[in-house]
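Results of the structural survey
Listed below are the residues making up each chain.
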Amino acid sequence: LPISGEQVTVRTERGSFVADHVVLACSLATVRRMTITPSMPVPLHAAVHGLGYGTITKTSVQWPHRQWPPGYATTAGRAQRVYEPTMDQPGESGILMAYCGGDGGHQWATMPEPERIALAAAEMTAMHGLALQPLGGYSRAWGAEPRFGGSYAVYEPGQVTAFWQPLREAWGRVHLAGEHVATCTGYMEGALESGETVATRIVAAG
Ligand SMILES: Cc1cc2nc3c(=O)[nH]c(=O)nc-3n(C[C@H](O)[C@H](O)[C@H](O)COP(=O)(O)OP(=O)(O)OC[C@H]3O[C@@H](n4cnc5c(N)ncnc54)[C@H](O)[C@@H]3O)c2cc1C
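Here the residue numbers are simple positions, counted from 1 along each chain's written sequence. Given that the model is predicted, a residue must reach a pLDDT of at least 70 before its local features are reported, and side-chain atom pairs must reach 80 or more before they are shown or counted; all residues, however, enter totals for whole chains, interfaces and linings. As a rule here, side-chain values come from all non-hydrogen atoms in the structure, and water together with hydrogens is ignored.

**A short note on the sheet that holds strand β8 (residues 81–83)**
Note the cut-off: Between any two strands, at least two bridges found by DSSP are needed for them to pair. Each helix is a run of H or I in the DSSP string that is no shorter than four residues. Each strand is a run of E no shorter than two, and both are numbered from the N terminus. Should any heavy atoms of two residues lie within 4.5 Å, those residues are counted as being in contact. Angles here are taken between N-to-C directions and fall from 0 to 180 degrees, while the axes themselves are lines fitted to C-alpha atoms, restricted in helices to the stretch in contact.
Within the open sheet, the five strands sit side by side as β7-β8-β9-β6-β10. Their pairing is antiparallel. Each end of this open sheet is capped by a strand with a single partner; those strands are β7 (73–74) and β10 (136–141). Alignment of β7 against β8, held across two bridges, turns out to be antiparallel. The residue bridging T74 from the neighbouring strand is R81, located in β8. Helix-sheet contacts for helix α3 (residues 102–109) involve β6 (57–63), β9 (94–100) and β10, and the interaxial angle to β6 is about 65 degrees. The strands touched by helix α4 (residues 113–128) are β6, β7, β8, β9 and β10; relative to β6, the strand with the most contacts, the crossing angle is about 65 degrees.

**Remarks on the site of the ligand**
Put simply, the test is: Nearness is judged by heavy atoms alone; a residue qualifies as near a molecule or strand once a single heavy atom is within 4 Å of it. Whenever two N or O atoms come within 3.5 Å, that pair is a polar contact, provided that in protein one can donate a hydrogen and the other can accept it, and provided that, for residues adjacent in sequence, both atoms are side-chain atoms. All accessibility values rest on the Shrake-Rupley procedure with a 1.4 Å probe; residue burial counts only the protein chains present in the view. Put plainly, a pocket is an open set of points on a 1 Å grid over the protein atoms alone with protein on both sides within 12 Å along at least five of seven lines, a cavity is a set where a 1.4 Å probe fits but cannot get out, and a lining residue has an atom within 4 Å of a point. Think of it this way: a molecule belongs to a cavity or pocket when more than half its atoms come within 2 Å of the grid points there. Polarity classes work like this: nonpolar for Ala, Val, Leu, Ile, Met, Phe, Trp, Tyr, Cys and Pro, charged for Asp, Glu, Lys and Arg, and polar for all others, with Gly in that last group.
Around the ligand there are 17 residues in total, and T30, R147, G178, E179 and M188 lie nearest to it. Y187 places a polar main-chain atom, nitrogen or oxygen, 3.4 Å from an oxygen atom of the ligand. Note that an oxygen atom of the ligand is positioned 2.9 Å from one of the backbone N or O atoms of M188. In the complex, 60% of the free accessible area of the ligand, which totals 990 Å², lies under the protein chains. A majority-of-atoms criterion places the ligand in the largest pocket. Tallied by class, the residues present in the shell around the ligand amount to 10 nonpolar, four polar and three charged.

**Describing the domain arrangement of the protein chain**
As a reminder, the rule being used: Note: domain ranges come from an automatic or database domain assignment.
Looking at the protein chain, the domain boundaries give domain 1 (3–52 + 155–205) and domain 2 (57–144). A C-alpha centroid distance of 35 Å is found between domain 1 and domain 2.

**Considering empty space enclosed by the protein**
This is how the line gets drawn: Grid points are joined across faces, edges and corners, and a volume is the space filled by probe spheres set on the points.
Tallied over the full model, the rule gives two cavities of 30 Å³ or more. Those elements that place two or more of their residues in the lining of the largest cavity are α2 (42–50), α5 (159–168) and β12 (174–176). Considering each element in turn, the lining of the largest cavity owes the most residues, three residues, to β12. Its residues placed into classes, the lining of the largest cavity shows 11 nonpolar, one polar and one charged. The wall of the second largest cavity is formed by W68, P69, G71, A73, V82, Y83, E84, L96 and H128. A per-class count over the lining of the second largest cavity returns six nonpolar, two polar and one charged.

**Considering the packing of α2 against α5**
Basically, it comes down to this: The cut-offs work like this: below 35 degrees is roughly parallel, past 145 is roughly antiparallel, 65 to 115 is roughly perpendicular, and the gaps in between are oblique. A crossing counts as left-handed when the near helix is turned anticlockwise from the far one by less than a right angle, and as right-handed when that turn is clockwise.
Viewed as axis vectors pointing N to C, α2 and α5 meet at an angle of 110 degrees, and their least axial separation amounts to 8 Å. Relative to α5, the element α2 is oriented roughly perpendicular. Here the hand of the crossing between α2 and α5 comes out left-handed. Of the residues in α5, those in contact with P43, L44, A46, A47, V48 and G50 of α2 are Q159, F163, P166 and L167. Of the residues belonging to the contact of α2 with α5, the class tally is eight nonpolar, two polar and no charged.

**A few points about the pattern of salt bridges**
Any two side chains of opposite charge can pair, so long as their charged atoms come close to each other. For clarity, the threshold we go by: Salt bridge, as used here, is a side-chain nitrogen of Lys or Arg placed within 4 Å of a carboxyl oxygen of Asp or Glu. For every residue, the accessible area (1.4 Å probe, protein chains only) is compared with the maximum for its type, and the residue is labelled buried under 20%, exposed over 50%, or partly exposed between those bounds.
Under the counting rule described, the total for this entry stands at three salt bridges. The partner of R173 in a salt bridge is E6, with the nearest N and O atoms 3.3 Å apart. Within this pair, whereas R173 is found in the loop between α5 and β12, its partner E6 is found in the loop between β1 (3–4) and β2 (7–12), the two being separated by 167 residues in sequence. A relative accessible area of 59% means that E6 is categorised as exposed. Among the ionic pairs, E145 bridges to R140, the shortest N-O distance being 3.4 Å. Its relative accessible area of 24% is what places E145 among the partly exposed residues. Classification of R140 as partly exposed rests on a relative accessible area of 25%.

**Some words on the side chain of R168**
Tracing the chain through its elements places R168 in helix α5. Leaving out residues up to four positions away in the same chain, R168 has contacts with Y155, F163, H180, V181, A182, T185 and R201.

Structure, rendered in structure tokens:
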């Protein structure tokens, strides 16, 4: 991503592109792997490379019958939080989701997916006293996804004051967009808001 004067050149595996402005709308995990010349200003570099990310690992298990009460359950066990995303769907079978973050999210991410599904099924069985065999499952460890590097931005202690402003200012013709630079980080609404903010800034720049 060489930046010079009036233009930015983006070199990708699929070819090179020259643009007036570039919007990096991906997670900072991806930005961290980009080669950008000249180097970023120190405060921006520190923010891009230092911002915290959540560790959510979600593991869903499908069951042939819904032998659990409606609602949201928390446990001191490894599943942390369990809820039913299929609550509003008709049918006999249902899905329970284990939603794990913090150090627990990291620990779940170290396990292969089949182990995560088996562990979630065991935890759900214990929580709700299920007398069922699971039909299947699916798990996504966001911290282990190279394109995302985590579930969503988490400003750690000291990072709001140090990182907030540098991440939200244009660096010449390069702009960051996405939930991590929104007013309300961590949500789709904020991601959209950040896109509008950057688009407005580019239009104003002419
Ligand atoms: C477990 C979990 C639960 C959530 N729950 C909610 C919720 O209930 N409500 C809510 O509002 N939000 C929720 N969110 C957050 C929401 O998903 C994000 O805030 C939102 O998707 C961020 O949008 P974005 O455009 O900033 O980034 P993304 O949606 O991550 O988009 C970035 C895009 O960049 C692409 N990309 C990355 N690297 C490259 C590359 N090298 N080349 C090309 N493309 C690349 C990615 O594939 C991706 O499509 C949740 C997130 C997680 C992980």
